[in-house]
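A closer look at the structure
The residues making up each chain are set out below.
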Amino acid sequence: MLSGLHPVLRTVLQRLGLGLVTLFLVSIIIFSAVEMLPGDFAKAILGQAATPETVAAFQKEIGLDRPATTRYVEWIANVAQGDFGQSFSSRQGYRRTVAEIIGPRLYNTLFLALMTAAIAVPLSLFLGILAALYRNSWFDRSVNSFTLVTISFPEFFIAYMLAFVIVSRDTFMATQFAQWAPVWLSSAMNWALNAIPKFPILANVSDATPFWERVWRCTLPALTLTLVIVAHMMRMTRAAIINLLASPYIEMARLKGLSPMTVILRHALPNAWAPIVNVIAFNLAFLVVGVVVVEVVFVYPGIGQLMVDAVKSRDIPVVQACALIFAATYILLNLFADIVSIVTNPRLLHPR
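Residues numbered from 1 in each chain as written. Predicted model: local features only at pLDDT ≥ 70, side-chain atom pairs only at ≥ 80, totals over all residues. Heavy atoms only, no water.

Helix and strand content of the protein: 17 helices and 2 strands. The long-range share in the protein, meaning contacts at least 24 apart out of those at least 6 apart in sequence, stands at 71%. Looking at the protein as shown, the accessible area adds up to about 19500 Å², and 67% of this sits on carbon and sulfur atoms. (Helix = DSSP H or I, 4+ residues; strand = E, 2+ residues; numbered from the N terminus. Contact = heavy atoms within 4.5 Å. Areas by Shrake-Rupley, 256 points an atom, 1.4 Å probe, with all protein chains shown as cover.)

Pasting the structure below:
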C-alpha cells in the first residue's frame, strides 16, 4: 500500500503509525497504573467522615462502580474525540471539564518551554560550533567546564541560586562581607549585582497577564532551564562536528582554501544534524514534561505542578490526561527528530 510513495513520506507514515501504536500502549499503562494506586478514590475525595451510602452514590456518579475495562474503552474513545472527561473536583457548585483545567496550564508550560528553547537552542549551537572550531583552546575548556558544572547541579539548586543573586542585589551592602571586604572588592561586587536586572522571583502569571510582562516574569525560570539543558545540546553539537572534521570531504573543503567557519557551517554542520536534532528533541520534551521542580520553586502555574496537585487530590481524569499529554509530547518530538534526521541524511532511509 505504501510502496508507491516517496521514501521519505513512506518512512514518516510508518513512524507516525508506530507512534500511534506506542501511544495506545502507553494509555493502557497509564490507566492501569492509576487503577493500581492504593486507597479508595471516593473516600479520598469525600473524606473519611463520608458514609458508605454517600461513597457508593459518588462512585456511581463518577463511574467507578463499573468494570475497569469498560471505563478504559469509554475513556480512550472519548480521548480520541478530544474529550478528556470531567474533573472529580468541583468549583462554584459544578464539576469542570478536564480541558478547562488543563488548557491554561498547558499554555503556560508551552510558553515557558518555547521561551527557554528560543534562548537555549541558538546558544548551545553557537557555543558548540565555536568549541569545535577552537577545540582544546582555553575557550573550549572554559565552556565545557561551565556547562559540566551547570548540568551537575539539580534544577532546584540553580533556581534558588538565581533567586539568591536577585535578592542579594539589594541586600549585599548590608552584609558582613561588605563591611570587612576591601573597598574596591565591595564596590566591584555591588556594581556587578546592580548591573543585574531585578527579575521577579515569583512567576505567578495568569490569563490576563500581558505578553511582555509574562516574558519578564518567566525570565528566571527560563534561565534556570537554559542552564540545565544547554550542556547536553552544546556538547553533542561539539562532538558531532569534531567527529566529521576528519572526513575526506572536509579535508577537500580545507584544501580549496575555505575558512574554518565556512567548512563547519556549510559542510560539517548539515551532516551532523541527526544526533544534534535528537538531543534537542529530547531536551524540548524535558521542557514540557520535567519542569515540575522549577514550576514549584517559582510558583509557576504549569501542567507539571497541576499533575502533582491532581495526584494529591486523587483527581483521576486530570492525572490521566496530563500523563497522556506528556507521552504524546515525547512521541511527537521524537517523530519530529526522526523526520529531520532522515531529510538531512537520506542514507538513514536504507540502514544496513
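Quick look at the confidence of the model for the protein now. With 82% of its residues at a pLDDT of 70 or more, the protein shows a mean pLDDT of 79. At the low end of the mean pLDDT range in the protein sits helix α8 (residues 176–180), at 54; at the high end sits helix α5 (residues 98–133), at 89. (pLDDT = per-residue confidence, 0-100.)

Let's shift gears to the environment of Ile-331. With respect to the helices and strands, the residue Ile-331 is situated in helix α17 (residues 316–344). Separated by 308 residues in sequence, Ile-331 and Leu-23 place their C-alpha atoms 7.6 Å apart.

As a packed pair, helix α11 (residues 219–244) and helix α14 (residues 273–289) sit with axes 9 Å apart at the nearest point and diverge in direction by 170°. When the axis of α11 is compared with that of α14, the two are roughly antiparallel. Counting all contacts with α11, which are made through Leu-225, Val-228, Ile-229, His-232, Met-233, Met-236, Thr-237 and Ala-240, the residues of α14 involved are Pro-275, Ile-276, Val-279, Ile-280, Asn-283, Phe-286 and Leu-287. Taken together, the residues that form the contact of α11 with α14 break down as 12 nonpolar, 3 polar and no charged. (Axes fitted to C-alpha atoms, helices over the stretch in contact; angles between N-to-C directions. Parallel < 35°, antiparallel > 145°, perpendicular 65-115°, else oblique. Nonpolar A, V, L, I, M, F, W, Y, C, P; charged D, E, K, R; others polar.)

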